[in-house]
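Working through the structure, step by step
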Amino acid sequence: MACSFLFLAFLAAAACLSAAAATGKLVPPSETSSLSFGEGYTQLFGDSNLALHGGGKRVHISLDERTGAGFASQAAYLHGSFSARIKLPADHTAGVVVAFYLSNGDVYERTHDELDFEFLGNVRGREWRVQTNVYGNGSTAVGREERYGLWFDPTEDFHRYAIHWSRHRIIFYVDDTPIREVVRTEAMDAQFPSKPMSLYATIWDGSSWATSGGRYKVDYKYAPYVAEFADLELRGCAVGPATACATPGSGSASDGDAYGHAAAMSPARRSAMEAFRARYMTYGYCYDRLRYPAPLPECSVGAEAAAFLPSGDARAALHRHGRRNRMRRGADSAV
């Protein structure tokens with residue numbers, strides 16, 4: 001994640017993770033945990049900027065001039081599926097970052113792992129962007145970012161975002177559509193996340209980089225910016241003895257079965273992922289020749305590279321954005 005701001009949040013969660021590790025408690029992999037806030041999570045920062053609703057089943061975190069807010073799971077997990085339905089702030093959200101991610105940066109400061117969903121705000125009239133990233137064993141000098149547009153307005157309703165993490169693969173989902181798969185290879189070696197991580201959700205000021213490289217800052221006259229989380233699910237193996245967290249088939253590609261995922265992505269889902277990436281992917285690190293003159297070892301670059309500029313940005317992204325704006329202006333003028 002591109003911000004040292006979260007370091008304090010990591011420190012705040014360290015006590016919770018240490019306690020979880022000490023208990024050796026194991027959540028059965030086949031059990032879906034849709035827990036209330038008090039049962040499964042703890043507040044990291046933001047005091048009154050975190051509010052609970054629906055008996056603790058819904059969480060609102062907000063950003064104002066005073067502070068952002070964040071929370072984390074009480075336990076750390078070695079593999080599993082982690083998801084939430086999220087509704088993002090509307091209107092002018094430039095510089096605002098909402099993050100939903102797994103990390104162990106509080107425990108392994110120099111060799112931490114991380115799996116990110118980052119939602120990057122924008123100026124009024126332009127869409128939120130979604131960024132995913134993968135760090136393993138402290139590989140923060142090597143960013144594996146991808147960015148995407150969405151086929152819906154994430155401020156109008158809740159949508160489910162999920163991370164499936166097993167010994168052999170990582171899959172990011174939006175509303176049950178896989179949008180990115182990272183397969184463990186020898187080339188990635190230790191840079192594939194492999195240590196227990198906790199689940200985090202935060203909102204914070206990313207004015208220095210989040211919107212047009214920092215050109216547009218957070219404008220607090222639109223505050224508070226409120227991100228809403230519902231139906232948070234933890235489905236995985238809580239920290240405990242290493243043998244306890246060995247899932248069925250963990251020595252082969254079938255390990256995902258224990259968390260409700262097939263060993264391999266079905267042809268229909270793979271087709272849906274490829275269609276999403278062809279239409280909505282706006283940046284890919286594997287195509288960024290300015291940053292990585294030689295692609296990183298896990299990148300398999302083929303003919304699709306022609307669709308990307310040397311910067312890694314999709315050639316069609318600006319055209320797609322322009323078409324959406326023209327369609328919206330036309331609809332507005334017709335009302």
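Up top is the structure these notes are about.
Everything in this summary refers to the structure shown in the same document. (Residues numbered from 1 in each chain as written. Predicted model: local features only at pLDDT ≥ 70, side-chain atom pairs only at ≥ 80, totals over all residues. Heavy atoms only, no water.)

**A look at the sheet that holds strand β10 (residues 159-165)**
The strand order β2-β3-β14-β5-β10-β11-β12 describes an open sheet built from seven strands, whose pairing is antiparallel. Since the sheet does not close on itself, it has two edges, and those belong to β2 (50-53) and β12 (177-183), each with one partner. Averaged over neighbouring strand pairs, the angle between their axes works out to 20° when direction is ignored. The pairing of strand β3 (residues 58-63) with strand β14 (residues 225-238) spans six bridges and is antiparallel. Across the sheet, residue Leu 63 finds its bridge partner in β14, namely Tyr 225. Sheet strands touched by helix α3 (residues 267-280): β11 (169-174) and β12. Its angle to β12, the strand with the most contacts, is close to 95°. (Pairing = 2+ DSSP bridges. Helix = DSSP H or I, 4+ residues; strand = E, 2+ residues; numbered from the N terminus. Axes fitted to C-alpha atoms, helices over the stretch in contact; angles between N-to-C directions. Contact = heavy atoms within 4.5 Å.)

**Observations regarding the pattern of salt bridges**
Scanning all chains against the criterion turns up ten salt bridges. With its nearest N and O atoms 2.7 Å apart, the salt bridge here joins Asp 231 to Arg 85. A residue pair is termed long-range when its members are at least 10 positions apart, and Asp 231 in strand β14 and Arg 85 in strand β5 (residues 77-87) qualify at 146 residues. For Arg 85, a relative accessible area of 28% gives the class partly exposed. For Arg 277, the salt bridge is made with Glu 146, and the minimal N-O distance between the two is 2.8 Å. Pair noted here: Arg 277 is in helix α3 and Glu 146 is in strand β9 (residues 146-148), with a separation of 131 residues, a long-range link. On the basis of relative accessible area, Arg 277 is assigned to the partly exposed category, the value being 22%. Among the ionic contacts, a cluster of salt bridges with common partners joins Glu 146, Arg 180 and Arg 277. (Salt bridge = Lys/Arg side-chain N within 4 Å of Asp/Glu carboxyl O. Buried < 20%, exposed > 50% of the residue type's maximum accessible area, 1.4 Å probe, protein only.)

**Focus: the sheet that holds β9**
With antiparallel pairing, the nine strands of this open sheet are ordered in space as β1-β4-β13-β6-β7-β8-β9-β15-β16. Lying at the two open borders of the sheet, with one neighbouring strand each, are β1 (41-45) and β16 (311-313). Strand-to-strand twist in this sheet, taken as the mean axis angle between neighbours without regard to direction, amounts to 20°. Alignment of strand β15 (residues 281-288) against β16, held across two bridges, turns out to be antiparallel. When the sheet's bridge partners are listed, Tyr 283 is paired in β16 with Asp 313.

So yeah, pure geometry; function would need other evidence.
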